[in-house]
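Architecture and fold: a report
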Amino acid sequence: MKLDPAIRDQVLATVPSLRAFAISLSGNVDRADDLVQETLLRALAHIDSFQPGTNMPAWLFTILRNLFRSEYRKRRREVEDADGRYAETLKSHPEQTGRVEFNEFRAALAKLPSDQREALILVGASGFSYEDAAAICGCAVGTIKSRVNRARTRLADLLAIDNVDDFGPDRATRAVLAGGGRS
Amino acid sequence: MNTGKTVNLQPPPANADKADELEAMGKAATQRKGEVRLGREVQARIGQQLRGMYDEVVNQGVPKHIDDLVRRLTDQDDGVA
């Protein structure tokens, strides 16, 4: 098909973010790239159903998510073993933040239920509005909000970060206190 | 006075002090808000790490094979599907 180059460019411009989302869903770079490819094949095959002027990223994300979900049901076990896999796949680029902190964060993220992780990423990293995220996930805006909230709370829990003002002792101290046992 | 779990199932006796009821309601409300009230600093840190992780991938740009694929599919004259 001859496609309007402007539309094609919109598609291409979405790819990096689409990949990041796919990796966060599937927890595996290779599968993520397959997923992105499959998404693009579908999208381009049905490009007529995209209305120019509407939100291209949201459209592509929706397709990718649906693909992932239908595949995911078949392979649930593999993905739910997120603790290992998701953390592991992404371990390879540690420079930016402290290595330990970063890996810790990834491991914690991997422990979230997938619907919460997905919501948090769409809103907190991909930069979608709650409304767009709700459309992508096929649920109510309120549902997205509450998933994002729960995801944040749980992450804070897992990472043992809290309001320092409220809790006084720093993380190391609290770890000692928590693990210190009785004697 | 601590009804704890199920506030709704048992309406308080007629003369139970209003205070309890109000307290329960207030508590529910704070808890609901409490979900959000994580503290700005904590939220900021989570957001920062989340974006850091995500942007690592974003910054890799469009992998060549995907770029090729899209261009190939969109340049040809006959249908894609």
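Residues numbered from 1 in each chain as written. Chains lettered and ligands numbered in written order. Predicted model: local features only at pLDDT ≥ 70, side-chain atom pairs only at ≥ 80, totals over all residues. Heavy atoms only, no water.

1. A look at the overall build of chain A
This is how it is decided: Think of it this way: any DSSP run of H or I at least four residues long counts as a helix, any run of E at least two long counts as a strand, and we number them from the N terminus. Categorising residues by exposure relies on relative accessible area from a 1.4 Å probe, with only protein chains included: less than 20% of the type maximum marks a residue as buried, more than 50% marks it as exposed, and the intermediate range marks it as partly exposed. We call two residues contacting when some pair of their heavy atoms lies within 4.5 Å. Per-residue and other accessible areas were derived by the Shrake-Rupley procedure at a 1.4 Å probe size, with only the shown protein chains allowed to occlude residues.
Within chain A one finds 11 helices and zero strands. Each helix and strand of chain A, placed in order from N terminus to C terminus, yields the pattern α-α-α-α-α-α-α-α-α-α-α. With 183 residues in all, chain A has 48% of them scored as buried. Sequence separation of at least 24 residues holds for 62% of the intrachain contacts in chain A that already meet a minimum separation of 6. If you sum the accessible surface of chain A, you get close to 9000 Å²; carbon and sulfur atoms cover 49% of it.

2. A look at the interface of chain B and chain A
Selection rule: A 1.4 Å probe defines the accessible area here, and the buried area is the portion of it lost by two parts on being joined, summed over both. In what follows, salt bridge is the name for a side-chain nitrogen of Lys or Arg lying within 4 Å of a carboxyl oxygen of Asp or Glu. We define a polar contact as two N or O atoms separated by no more than 3.5 Å, with the added condition that, inside protein, one atom must be a possible hydrogen donor and the other a possible acceptor, whereas residues neighbouring each other in sequence contribute only through side-chain atom pairs.
Between chain B and chain A, the contact holds 36 residues from the first and 42 residues from the second. Here chain B and chain A share an interface that buries about 3900 Å² over both sides, 64% of which is from carbon and sulfur atoms. Linking chain B with chain A are two salt bridges. One salt bridge in this structure joins B:Glu56 and A:Arg106, with 2.9 Å as the shortest N-O distance. Scanning the region where chain B abuts chain A turns up seven residue pairs in polar contact (both at pLDDT 80 or more).

3. Some points on helix α2 (residues 29-45) of chain A
All names here are of chain A. As a reminder of what qualifies: The length a helix should cover is 1.5 Å for every residue beyond the first.
Here α2 is 17 residues long and its end C-alpha atoms lie 24 Å apart, about the 24 Å a rise of 1.5 Å per residue gives. Residues of α2 that are buried: Arg-31, Ala-32, Asp-33, Leu-35, Val-36, Thr-39, Leu-40, Ala-43 and Leu-44. For α2, the side-chain oxygen to backbone nitrogen distance between the N-cap and Asp-30 is 2.9 Å, and the N-cap itself is Asn-28.

4. Let's talk about the confidence of the model for chain B
A low pLDDT score tells you not to read the predicted coordinates there in detail. Residues and elements named next belong to chain B. Short version of the rule: The pLDDT value tells you how sure the predictor is about a given residue, anywhere from 0 up to 100.
Counting all residues, the mean pLDDT for chain B is 68, and 48% of those residues have values of 70 or more. Within chain B, helix α3 (residues 64-75) carries the highest mean pLDDT (92), whereas helix α1 (residues 18-36) carries the lowest (48). Segment residues 1-16: pLDDT under 50, and four contacts once partners within four positions in sequence are set aside and those in other chains are kept. Long-range and interchain partners of residues 26-36, a stretch whose pLDDT sits below 50, account for five contacts in this model, where long-range means more than four residues apart.

5. Observations regarding the pattern of salt bridges
By the definition in use, this model includes 11 salt bridges over all chains. A:Glu118 is the salt-bridge partner of A:Arg69, the closest N and O atoms lying 3.2 Å from each other. With A:Arg69 in helix α3 (residues 56-74) and A:Glu118 in helix α7 (residues 114-124), the pair connects residues that are 49 residues apart, well separated along the chain. Neither A:Arg69 nor A:Glu118 differs from the other in exposure class; each is buried. We note a salt bridge from A:Asp115 to A:Arg147, for which the minimum N-O separation is 3.4 Å. With A:Asp115 in helix α7 and A:Arg147 in helix α9 (residues 141-158), the pair connects residues that are 32 residues apart, well separated along the chain. Counted as one network, the salt bridges with shared partners bring together A:Arg8, A:Asp9 and B:Asp75.

6. Here we look at the packing of aromatic side chains
Two aromatic rings are characterised by how far apart their centres lie and by the angle between their planes. All names here are of chain A. The condition that has to hold: In this scheme Phe, Tyr and Trp rings, the latter by its six-membered ring, pair at centre separations within 6.5 Å, and the angle between planes marks the pair as stacked below 30 degrees, edge-to-face above 60, and tilted otherwise. Geometrically, a lysine NZ or arginine CZ counts as sitting over a ring once it is within 6 Å of the ring centre and also within 35 degrees of the ring normal.
Enumeration according to the criterion identifies three aromatic pairs over all chains in this entry. Ring centres 4.8 Å apart and planes at 75 degrees place the aromatic pair Phe-61 and Phe-128 in the edge-to-face group. Within this pair, whereas Phe-61 is found in helix α3, its partner Phe-128 is found in the loop between α7 and α8 (130-137), the two being separated by 67 residues in sequence. Each member of the pair, Phe-61 as well as Phe-128, is classed as buried. Ring-pair connections join several aromatic residues into one group, and the members of that group are Phe-21, Phe-61 and Phe-128. A cation over a ring is seen here: Lys-145 above Tyr-130, with NZ or CZ 5.4 Å from the ring centre.

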